[in-house]
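Chain and residue survey
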Amino acid sequence: MSWSLADDVTFGTCCGFCGQERQRVTYEVERDAQSLWICQRCVGRYDLGGAIDGVRLNPQAIRAQLHGLTARLKQQTCRDVISQCLGATDDPTILEVALHFDRNLQLSPSYAASLFSVMMTLPKPIDRRIFEIQTRSKAHQSEFGELDHASRSLVWLALTPQQQRRLTGLGFAPRMRARIAANRSSNGQISVTI
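Summary of the structure given here. (Residues numbered from 1 in each chain as written. Predicted model: local features only at pLDDT ≥ 70, side-chain atom pairs only at ≥ 80, totals over all residues. Heavy atoms only, no water.)

**A look at the overall build of the chain**
Heads up, the rule is: Put simply, DSSP H or I for four residues or longer makes a helix, DSSP E for two residues or longer makes a strand, and each gets a number counted from the N terminus. Buried means the residue's accessible area, taken with a 1.4 Å probe over protein chains only, is under 20% of the maximum for its type, while exposed means over 50%, and partly exposed covers the values in between. In this analysis, two residues are considered to be in contact whenever any of their non-hydrogen atoms come within 4.5 Å of each other. The protein chains shown are the only cover counted for residues, whose accessible areas, like all others here, come from Shrake-Rupley with a 1.4 Å probe.
Within the chain, the secondary structure is distributed over seven helices and seven strands. Ordered by position in the sequence, the α and β elements of the chain form the string β-β-β-α-β-β-α-α-α-α-α-α-β-β. Here the chain, with 194 residues, has 35% of them falling under the buried criterion. Taking as baseline every contact in the chain between residues at least 6 positions apart, the subset at least 24 positions apart corresponds to 46%. If you sum the accessible surface of the chain, you get close to 12100 Å²; carbon and sulfur atoms cover 49% of it.

So, in structure tokens, the structure goes:
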């Protein structure tokens, strides 16, 4: 079976079925002799056909194959980014980051901050959300809380909304600049929302 998967580290890909933007992983499928790249949601929503060595697979078997391939692709992408960072700095912490990732397939908050600061120096942009950050344990939550403001801000953008809510509840959210929105009403008055 021939699978084509793409991992966009900038989250800049659009799904060819549903049109959803900001996709990381997409899958190439053929439909009516047309090749399209579709998102993970569409892969799960539609029954895809396929075969391995001439043996036709049912949709569940295809999804299991894609799930395994997707997990391996994401891990390899993260390893490639860490390798780029190793080549971009002499900081021994990045080697520790590589070892930690190989053992855990996630990053602790302090290792994430170290890696993200080096990632910002790479020539091509990489979205920090490609890495999963450990925040479940009290030790990792405390580790995040002990980071300086700049490091917390670096890691914050890689966290899921659930992680952000949990850390905000603990008082560990970095101070963000207030967004100010000004709206002009029909009678000419301006209301400001902070």
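**Here's the deal with unusual backbone geometry**
In this model, Phe11 sits at a positive phi of 55 degrees, which is unusual for a non-glycine residue. By secondary structure assignment, the location of Phe11 is in the loop between β1 (5-7) and β2 (25-31). The exposure class assigned to Phe11 is buried, which follows from its relative accessible area of 11%. Unlike most non-glycine residues, Leu105 shows phi in positive territory, near 60 degrees. For Leu105, the position within the fold is in the loop between α3 (92-104) and α4 (109-119).

**Quick word on a nonpolar patch on the surface**
For the record, the criterion: Surface patches are drawn from residues lacking salt bridges whose relative accessible area is over 30%; two like charges belong together within 9 Å, two nonpolar side chains (Val, Leu, Ile, Met, Phe, Trp, Tyr) within 5 Å. Salt bridges, as used here, are contacts in which a Lys or Arg side-chain nitrogen is within 4 Å of a carboxyl oxygen on Asp or Glu.
A contiguous nonpolar patch, built from Leu86, Leu95 and Leu99 and spanning about 260 Å² of accessible area, is present on the exposed surface. With relative accessibility at 48%, the residue Leu95 sits in the partly exposed group.

**Side note on the packing of aromatic side chains**
Worth spelling out the cut-off: Only rings of Phe, Tyr and Trp enter the pairing, Trp through its six-membered ring, and a pair is recorded when the two centres are within 6.5 Å. The plane angle decides the type: under 30 degrees is stacked, over 60 is edge-to-face, the rest tilted. Look at NZ for Lys and CZ for Arg. If either is within 6 Å of the ring centre and within 35 degrees of the ring normal, a charge sits over the ring.
In this structure the tally under the stated criterion is three aromatic pairs. For the ring pair Phe101 and Phe131, a centre distance of 6.0 Å and an interplane angle of 85 degrees mean the geometry is edge-to-face. Placement of Phe101 in helix α3 and of Phe131 in the loop between α4 and α5 (138-146) is noted, with a sequence separation of 30 residues between them. Among the aromatic residues, those joined into a ring-pair cluster are Phe101, Phe116 and Phe131. Sitting above the plane of the Phe11 ring, Arg129 keeps its charged end 4.1 Å from the centroid.

**Regarding α4**
Counting buried positions along α4 gives nine out of 11 residues, so the element sits mostly inside the fold. Those residues of α4 hidden inside the fold are in contact with α2 (59-88), α3, α5 and α6 (149-156).

**Brief notes about the nonpolar core**
We apply this condition: Throughout this description, the term nonpolar core refers to a set of buried Ala, Val, Leu, Ile, Met, Phe, Trp, Tyr and Cys residues connected via side-chain atoms within 4.5 Å.
Core analysis: the biggest nonpolar cluster contains 31 residues, and Leu115, Phe116, Met119, Phe131, Ile133 and Val155 have the highest contact counts within it. Of all the secondary-structure elements, those providing two or more residues to this core are α2, α3, α4 and α6. Considering every element that reaches this core, the biggest residue donor is α4, with seven residues. Setting aside residues no more than four positions away along its own chain, Ile133 makes contact with Leu107, Ser108, Pro109, Ala112, Phe116, Val155, Ala158, Leu159 and Gln163. One finds Cys15, Val25, Leu36 and Leu66 within the second-largest nonpolar core, a separate group that totals 12 residues.

**Here we look at the pattern of salt bridges**
Per the counting criterion, the structure on display carries four salt bridges. Notably, a salt bridge pairs Arg24 with Asp7, separated by 2.7 Å at the nearest N-O pair. In this pair, Arg24 sits in the loop between β1 and β2 while Asp7 sits in strand β1, placing the two residues 17 residues apart along the sequence. Assessed through its relative accessible area of 9%, Arg24 is described here as buried. If you follow the salt bridges from partner to partner, you end up with Arg22, Asp127 and Arg129 in one network.

These figures capture arrangement, not role.
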